[in-house]
Structures are given as C-alpha cells and as structure tokens.
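# Results of the structural survey
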Amino acid sequence: MLSLIRLLLAAMFVIFTSLFALVYCLLSPRNPKHVYFFCRWFNQLQKLAGVELIQRSKENVANVGNSVYISNHQSIFDFVTAPGMLEPRTVTIGKKSLLWIPFFGQLYWITGNILIDRENKSKARSTIKQVAEAIHQRNLSVWMYPEGTRSKGRGLLPFKTGAFRMAIEAGVPIIPMCVSTTHNKILLNRRDNGIVISEMLEPIDISQYELQDARKLADYCHKLMEDKIAELDAEVARLELARQQIQVNSN
C-alpha cells in the first residue's frame, strides 16, 4: 500500500510540475535558469522516498564558474539523490528518447536541458562540440553521466569519453559528484530507506590535457569516483549502524 501511495504522489508531482513548467517557461522557453529552479522542486522527492539525504561539499564549486559536472548513474532514483546538487545555469545532457516520456520528457526539454541522439555517433559528436562552444557563449555549465546508462547495481561502469572531450574543447574544469550506492536500498514499500550521501568533489584542472588524452582523463576520473563512492558507502554503513544502536538503546 505504501508503495502505491508513493507512486501516485510521485506521478501527481511530475504531472503538476510539468504543467506548471509549460506555462512558467513560455515567456523564456529553454532558458538554463529553469533547470536550477525546478531541480529545487525535485530535491524534495527525498522526503517522499523516505531517504535521509546528506548533500555536502557544494562549497567546492562556489566560485569555479563554467564547468562540466559528471556523476554516477545508478537508477531512476538519481532524480531523488542528485537534483539538489545542481548549480545555477547548469543544464543536463540526456538521450533523445527522454522526450517521449509523458510529462517528464516535455518538462526536461522546455526547461533547457539538452537531448542528443546517442545512436547516431556523428550527430552526438557534433552536438558535444556545439555544447562545448555554447558553454562560453551562453554562460553554461553542463551535467553528464559518463557511464552512458544506469549501472543497476553493477558498480561504476566504464566511462565514455564525451564529457571529457567536451571539457577539454571548452577549456573548463571537470567536477565529479558522487552518490553513495542506492541499489536495492530505496524500496517504495518501506517507510525508512536510510541514509544516502551526495558529495561534490574538488574541480579537476584539464589544462594539461589534449583531445587525444580524453581516455586518460576519463580513466583518472573513474578511479577517483570509484574510490570516493567506496568511502561514502563505508560512511553510510557506519552512520546507519550508529542510528540503529541509538534506536535500540532508546527502546
């Protein structure tokens, strides 16, 4: 029953938000400021999902400026754990098929996010180059999931090089954002789904990298994030154990 209630509330939230966005964004459709505005709304879904979400280290990017953000991509619950970490004038890059998801797809597009055709590699490369130019022309940062697909409990998957080529072409830093493991952790029929940590890492200077070094940069970032996610998982385990002990003692 709890699962059904949560699904219904989430559906109502997405439908209402999408309809409101269609009206709100008409005066300035696809303006990057809308992504940040509506991500503040989606950040509240943590309460609906029964998650205690710890979001930290955003001060690491307070004065960095235009950047390419990268994050691990685990499941649909990324919409619960990641939105609160987006900075103003940051747009995300997603696959073109997202457009056909009722309500959410239209919300994703009209707020200013970028859709690319991943099946057509030449078009995807062209889009990446155009976005790299737009980062400065339109004063943007971009958010990408370099795994290219949801990991679904398989750990941090190998990175594709698109995000790293984009950062090198644009001459902007890479900023990793890591989320502790959520696979088999968030169950909609369970009231309390424990603790999840989202953490922004320090910016990575890409000035010493050339385009042909994109794979090297991707592998470096992958190891950095893999280690950090392991640290976050260990921290979550300690925090949840401490919380359980407090609950036992209070009883």
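Each remark here, short or long, concerns the structure printed above.
Described in the following lines is the structure provided in the data block.

About the cut-offs
Residues numbered from 1 in each chain as written. Predicted model: local features only at pLDDT ≥ 70, side-chain atom pairs only at ≥ 80, totals over all residues. Heavy atoms only, no water. Helix = DSSP H or I, 4+ residues; strand = E, 2+ residues; numbered from the N terminus. Buried < 20%, exposed > 50% of the residue type's maximum accessible area, 1.4 Å probe, protein only. Contact = heavy atoms within 4.5 Å. Patch = residues over 30% accessible without salt bridge, like charges linked within 9 Å, V, L, I, M, F, W, Y side chains within 5 Å. Areas by Shrake-Rupley, 256 points an atom, 1.4 Å probe, with all protein chains shown as cover. Salt bridge = Lys/Arg side-chain N within 4 Å of Asp/Glu carboxyl O. Lys, Arg positive; Asp, Glu negative; His and termini not counted. Charge placed at Lys NZ, Arg CZ, Asp CG, Glu CD. Pairing = 2+ DSSP bridges. Core = buried A, V, L, I, M, F, W, Y, C linked by side-chain atoms within 4.5 Å. Phe/Tyr/Trp six-rings, centres within 6.5 Å; stacked < 30°, edge-to-face > 60°. Lys NZ or Arg CZ within 6 Å of the ring centre and 35° of its normal. Axes fitted to C-alpha atoms, helices over the stretch in contact; angles between N-to-C directions.

Glancing now at the environment of A163. With respect to the helices and strands, A163 occurs in helix α7 (residues 162–170). The class of A163 is buried, set by a relative accessible area of 2%. For the pair A163 and E87, spaced 76 residues apart in sequence, the C-alpha separation works out to 17 Å. When residues no more than four places from it in sequence are discounted, the contact partners of A163 are V68, I70, M144 and I174.

Glancing now at a positive patch on the surface. Positive charge collects at one region of the surface, where K95, R150, K152 and R154 lie side by side. Residue position: R150 is located in the loop between β5 (141–144) and α7.

The buried count for strand β7 (residues 195–200) comes to six of six residues, which makes it a mostly enclosed element. Here β7 shows a buried face lined by I195, I197 and E199 and a second buried face lined by V196, S198 and M200. Bridge count between strand β1 (residues 52–56) and β7: five bridges; the pairing is parallel. Directly across from I54, in β7, lies its bridge partner I197. Bridge count between strand β6 (residues 174–179) and β7: three bridges; the pairing is antiparallel. Considered in β7, the bridge of V179 is made with S198.

Counting 70 residues, the largest nonpolar core has V68, I70, F164, M166, I174 and L217 as its most contacted members. With residues up to four places along the chain from it excluded, the contact list for M166 reads V68, I93, I128, V131, A132, I135, V142 and M144.

Counted according to the given criterion, the structure contains 16 aromatic pairs. An angle of 70 degrees between the planes, with centres 4.9 Å apart, marks the rings of F79 and F104 as edge-to-face. Of this pair, F79 sits in helix α4 (residues 78–81) while F104 sits in helix α5 (residues 104–110), and the two are 25 residues apart along the sequence. We classify F79 as partly exposed; its relative accessible area is 33%. Put simply, the rings of F16, F20, Y24, F37, F38 and W41 pair up and form one aromatic cluster. Here the guanidinium or amino end of R40 rests over the ring plane of Y36, the centre of that ring lying 4.1 Å away.

Moving on, we get to a nonpolar patch on the surface. A surface patch of nonpolar side chains, about 650 Å² in accessible area, is lined by M1, L4, I5, L8, L9 and M12. Here L8 lies in helix α1 (residues 2–24).

On to the environment of R150, then. Taking the relative accessible area as the measure of exposure, R150 reaches 32% and is therefore partly exposed. With 16 residues separating them in the primary sequence, R150 and M166 have C-alpha atoms 21 Å apart. In contact with R150, not counting residues within four places along its chain, are H73, Q74, S75, I76 and L157.

Our next topic: the sheet that holds strand β3 (residues 90–95). Judged by pairing direction, the sheet is mixed, and its seven strands sit side by side in the order β1-β7-β6-β2-β5-β3-β4 without closing on themselves. Only two strands of the sheet have a single neighbouring strand rather than two, namely β1 and β4 (114–116). Sheet twist, expressed as the mean angle between neighbouring strand axes with direction ignored, is 20 degrees. Of the strand pairs in this sheet, β3 and β4 are connected by three bridges, and their pairing is parallel. Considered in β4, the bridge of K95 is made with I116. The strands touched by α7 are β2 (68–71), β3, β5 and β6; relative to β2, the strand with the most contacts, the crossing angle is about 160 degrees.

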